[in-house]
Amino acid sequence: MMFSIIIPTYNRVDSLISTLKKLELQTNKKFEVIIINDASTITYNETDWLQTFNEFPITYHLCKKNAGPASARNLGVKLAKYEWIIFLDDDDEFTNNKIEILSDKIKENNFNFIYNKAIIFMVNENCYYETSQKNINEISAPSTLIKQYNFIGGAPNFTIKKDLFILHNGFNEKLKAIEDYEFLIRIINDKNIKIGFIEQPLTKCFYVTNHSSVSKNIANIANAGYWIMNNNPSINRRLFKSNLHAMLAHAELMSLNRKSSYHYLLSSFYNFKNMKNLFLSIISLCSPVLLIKLRCLNKK
């Protein structure tokens, strides 16, 4: 069995090369890599370094126009040669045994979709934490729960059969954010989907907090969230708004903005049973950095 790893990239050539070097350490190298350069505004000089990677085949495609991660990933899937698709961001990494573990999991089961936990490294805060995805086998109504919050995680945390991805038309290119979440809402209702869960963290994500403006990203998340609500009549709007404000709070937190407190407060307001977000609102108002550190398990 072979895998196609799709890596969209935009203006991050150094981190992309680092990500490729980490893939060379995989214990199972039965995969290809497809890089989609989404019309970066910097020069990658890819002919200088692509030839240095010879342990797995690499396809490099430069887009003429920037169209966003949904379009880049969809194009990568179209170019993929193999039946299993894995998504990886250009500044993230896989654990060295991810392909091996996935391969064993697939051989032992009849899954066509698998998701795993991740480790989030907070670079500036010098700490990390493990994501808290739920095991779908322990959820009584996953198609209902996914509309309340994303218990599966983002694209770098899931592996999917190419034919299943294509059957559901891939990621929605109208959305400029959380397109992977919208995709999960659609496919989880497929009666033929067989979902597996790996509790072991197999993805490493590196977050760098800063004080720069994230207004565009916030607007994209908000617009995508309301698009999802307006195009899914069965969604509980109150609970989804709670979920949306939690996502907006996280985005603000990554810019160390105390506006995260406002969104955590609204999240708690829309879901009064979730008093945790009220607590997070108070902490983030006092200190966004403190909230990040409280999330972390251990120092790196």
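Relevant structure appears above.
Criteria and cut-off values
- Every chain is numbered on its own, with residues counted from 1 as its sequence reads.
- With the structure being a predicted model, the display of local features is reserved for residues of pLDDT at least 70 and the display and counting of side-chain atom pairs for 80 or more, all residues being used for whole-chain, interface and lining totals.
- Note that the side-chain values use all heavy atoms of the structure and ignore hydrogens as well as water.
- By the criteria applied, helices consist of DSSP H or I runs no shorter than four residues and strands consist of E runs no shorter than two, each listed in order from the N terminus.
- Just to be clear, the radius of gyration here is over C-alpha atoms, and the globule rule we use is 2.2 Å times residues to the power 0.38.
- Only protein chains enter the accessibility calculation, which uses a 1.4 Å probe; a residue whose area is less than 20% of its type maximum is buried, one above 50% is exposed, and one in between is partly exposed.
- Note on contacts: a residue pair qualifies if any of its non-hydrogen atoms lie within 4.5 Å across the two residues.
- Only the protein chains shown count as cover for residues, and the accessible areas themselves come from Shrake-Rupley with a 1.4 Å probe.
- Positive charge is attributed to Lys and Arg, negative charge to Asp and Glu, and no charge count is given to His or to the chain ends.
- We put the charge of a Lys on NZ, of an Arg on CZ, of an Asp on CG and of a Glu on CD.
- The rule for pairing is simple: two strands pair if DSSP sees at least two bridges between them.
- Whenever a pair of cysteine sulfur atoms sits within 2.5 Å, that pair is classed as a disulfide.
- Working definition: rings of Phe, Tyr and Trp (its six-membered ring) pair if their centres are within 6.5 Å, and the pair is stacked with planes under 30 degrees apart, edge-to-face with planes over 60 apart, and tilted otherwise.
- Axis lines are fitted through C-alpha atoms, for helices just across the contact stretch, and the angle between N-to-C directions can take any value from 0 to 180 degrees.
- Should an angle lie under 35 degrees it is considered roughly parallel, over 145 roughly antiparallel, and from 65 to 115 roughly perpendicular; all remaining angles are considered oblique.
- In a left-handed crossing the near helix is turned counterclockwise from the far helix by less than a right angle, and in a right-handed crossing that turn is clockwise.

Caption draft 1: Representation of the overall build of the protein chain within the structure. Looking only at helices and strands, the protein chain has twelve helices and ten strands in total. In terms of overall dimensions, the protein chain is globule-like: its C-alpha atoms have a radius of gyration of 19 Å, near the 19 Å expected for 300 residues. C-alpha atoms of the protein chain, sized along the principal axes, occupy 55 × 45 × 40 Å. Per-residue burial over the protein chain gives 54% buried out of 300 residues. Considering only contacts in the protein chain between residues 6 or more positions apart, those separated by 24 or more positions represent 75%. Carbon and sulfur atoms form 52% of the exposed surface of the protein chain, whose accessible area is close to 14,300 Å². The average position of the 36 basic charges and that of the 27 acidic charges among the side chains of the protein chain differ by 8 Å.

Caption draft 2: Spatial organisation of the pairing of strand 8 (residues 158–161). One ladder, built from three bridges, connects strand 4 (residues 84–87) with strand 8; its direction is antiparallel. When the sheet's bridge partners are listed, Trp 84 is paired in strand 8 with Lys 161.

Caption draft 3: Structural detail: helix 3 (residues 69–79). Among the residues making up helix 3, those that are buried are Ala 70, Ser 71, Ala 72, Arg 73, Asn 74, Gly 76 and Val 77. The inward-facing, buried residues of helix 3 abut strand 1 (3–9), strand 2 (31–37), strand 4, helix 6 (162–167) and helix 7 (179–187).

Caption draft 4: Local environment of the state of the cysteines. Here the structure, examined in full by the defined rule, presents one disulfide. Bridging Cys 127 to Cys 296, the disulfide has an S-S length of 2.1 Å. Since a negative S-S torsion denotes a left-handed disulfide, the Cys 127-Cys 296 link at about 45° is right-handed. Here Cys 127, found in strand 7 (residues 127–130), pairs with Cys 296, found in the loop between helix 12 (288–295) and strand 10 (298–299); they are 169 residues apart in sequence, far enough to count as distant. A relative accessible area of 2% places Cys 127 in the buried class. Residue Cys 296 is classed as buried on the basis of its relative accessible area, which comes to 14%. Of all cysteine sulfurs in the structure, the one in Cys 296 sits closest to Cys 286, which takes part in no disulfide; the separation is 18 Å.

Caption draft 5: Inspection of the packing of aromatic side chains at higher detail. Under the definition given, this model contains 14 aromatic pairs. Aromatic side chains Phe 121 and Phe 206 sit 5.0 Å apart centroid to centroid with 15° between the ring planes, which places their arrangement in the stacked category. With Phe 121 in strand 6 (residues 113–122) and Phe 206 in strand 9 (residues 195–207), this pair connects stretches of sequence that are 85 residues apart. Phe 206 sits in the partly exposed class, given a relative accessible area of 25%.

Caption draft 6: Looking closely at the packing of helix 9 (residues 237–253) against helix 10 (residues 259–270). Viewed as axis vectors pointing N to C, helix 9 and helix 10 meet at an angle of 165°, and their least axial separation amounts to 8 Å. Considering the angle they form, helix 9 stands roughly antiparallel to helix 10. Every pair of crossing elements has a handedness; the one defined by helix 9 and helix 10 is left-handed. Contact residues: Arg 238, Leu 239, Lys 241, Ser 242, His 245, Ala 246, Leu 248, Ala 249, His 250, Glu 252 and Leu 253 in helix 9; Lys 259, Ser 260, His 263, Tyr 264, Leu 266, Ser 267 and Tyr 270 in helix 10.

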